[in-house]
Amino acid sequence: MIAEIYTEMVKFTTTILKFGEQGEKTGWSYINISARLAQRLKPDNKKSFRVKGMLDDHPFNAVALLPMGEGNFIMALNGTIRKAIRKQKGDSLQVQLEVDEKEIKISSELMDCLADEPKALEAFNKLTKGHRNYFSNWIEGAKTEPTKAKRISHTVWAMLKGFDYGQMIRSLKNDREL
């Protein structure tokens, strides 16, 4: 089987939006990617996929486009990205996107710890690739070894509880509020 490679880059200008009350997306800043543009990036695809490119003059990679129905997608703009581009809701943004085919490697330390907890490993392996990447990126983003170890521990705990990444983060925030 030959793997399809998507190489088209799309360029457009858009406005940064922000969700009001929208379930788990409440408060997210994002940009819309129309069905027409998404088809140019990855034809006949309705599932989340990663892109790379530029937001104004800021390069980025491995950011997921999330399906919103009828072929439309959104790209969430987290705090790190918003700070780098120095923009917020209502601001205009120059966007260049192309599919990011680079494979994300799951944290080897996490996989070693999950191997010691078969139920946690089973739960982790049932997650979508994108959700496994959320956990791994969070762990690998730690600036110190103690923080990395704590994040691995939280991830194993979350898998044993059957939590996805968002549930784990909300639970950890709620614990800190006590």
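Treat the numbers as computed from the prediction; the structure is a model and nothing was measured.

Engineer: Please provide a residue-by-residue account of the overall build of the chain, values included.
Structural biologist: If you tally the helices and strands in the chain, you get 7 helices and 7 strands. The order of α-helices and β-strands along the chain, N terminus first, is β-β-β-α-β-β-β-α-β-α-α-α-α-α. Computed over its C-alpha atoms, the radius of gyration of the chain comes to 18 Å, within 12% of the 16 Å expected for a compact globule of 178 residues. Evaluated residue by residue, the chain yields a buried proportion of 34% over its 178 residues. Partitioning the contacts of the chain with sequence separation of at least 6, the portion at a separation of at least 24 is 63%.

Engineer: Tell me about the pairing of strand E3 (residues 29-33), and please be specific about residues and values.
Structural biologist: Of all 5 residues that make up E3, 4 are buried, and the element is covered over most of its length. With 2 bridges connecting them, strand E2 (residues 17-18) and E3 associate as antiparallel partners. Considered in E3, the bridge of Lys18 is made with Ser29. Sheet analysis places E3 next to strand E6 (residues 72-76), joined by 4 bridges and oriented antiparallel. Within E6, the residue paired with Ile33 across the bridge is Phe73.

Engineer: Please set out the nonpolar core residue by residue, giving values where relevant.
Structural biologist: By size, the foremost hydrophobic cluster in this structure holds 23 residues, and its most contacted members are Ile31, Ile33, Leu55, Met75 and Leu97. Counting residues per element, this core draws most heavily on strand E7 (residues 92-99), at 4 residues. Setting aside residues no more than four positions away along its own chain, Leu55 makes contact with Ile31, Phe60, Met75, Leu77, Ile81, Ile85, Leu93, Gln94 and Val95. Leu110, Met168, Ile169 and Leu172 belong to the second-largest nonpolar core, a separate cluster that totals 16 residues.

Engineer: Could you give an account of the sheet that holds strand E4 (residues 49-55), with specific residues and numbers?
Structural biologist: The strand order across the open sheet built from 7 strands is E1-E7-E4-E5-E6-E3-E2, with neighbouring strands paired in antiparallel fashion. Two strands lie at the open edges of the sheet, namely strand E1 (10-15) and E2, each paired on one side alone.

Engineer: Please provide a residue-by-residue account of the environment of Phe60, values included.
Structural biologist: When you line up the elements, Phe60 lands in strand E5 (residues 58-69). Taking the relative accessible area as the measure of exposure, Phe60 reaches 9% and is therefore buried. Leave out the neighbours within four places in its chain, and Phe60 touches Val51, Lys52, Gly53, Met54, Leu55, Met75, Gln96 and Leu97.

Engineer: I'd like to hear about the packing of aromatic side chains, residue by residue, with values.
Structural biologist: Under the counting rule described, the total for this entry stands at 7 aromatic pairs. For the pair Phe124 and Phe135, a centre-to-centre distance of 6.3 Å together with 65 degrees between the ring planes defines the contact as edge-to-face. Of the two residues, Phe124 is situated in helix H4 (residues 118-126) and Phe135 in helix H5 (residues 129-140); the sequence distance between them amounts to 11 residues. Phe135 shares its class with Phe124; the two are buried. Connected via pairs of aromatic rings, a cluster forms that spans Phe124, Tyr134, Phe135, Trp138 and Tyr165.

Engineer: Can you break down the pairing of E1 residue by residue, with the values?
Structural biologist: Only one face of E1 is buried, namely the one carrying Val10, Phe12 and Thr14, since none of Lys11, Thr13 and Thr15 on the opposite face is buried. Pairing of E1 with E7 involves 6 bridges; the strand directions are antiparallel. Its bridge partner being in E7, Phe12 is matched across the sheet by Val95.

Procedures and definitions
- Residues numbered from 1 in each chain as written.
- Predicted model: local features only at pLDDT ≥ 70, side-chain atom pairs only at ≥ 80, totals over all residues.
- Heavy atoms only, no water.
- Helix = DSSP H or I, 4+ residues; strand = E, 2+ residues; numbered from the N terminus.
- Rg over C-alpha atoms; globule rule 2.2 N^0.38 Å.
- Buried < 20%, exposed > 50% of the residue type's maximum accessible area, 1.4 Å probe, protein only.
- Contact = heavy atoms within 4.5 Å.
- Pairing = 2+ DSSP bridges.
- Core = buried A, V, L, I, M, F, W, Y, C linked by side-chain atoms within 4.5 Å.
- Phe/Tyr/Trp six-rings, centres within 6.5 Å; stacked < 30°, edge-to-face > 60°.

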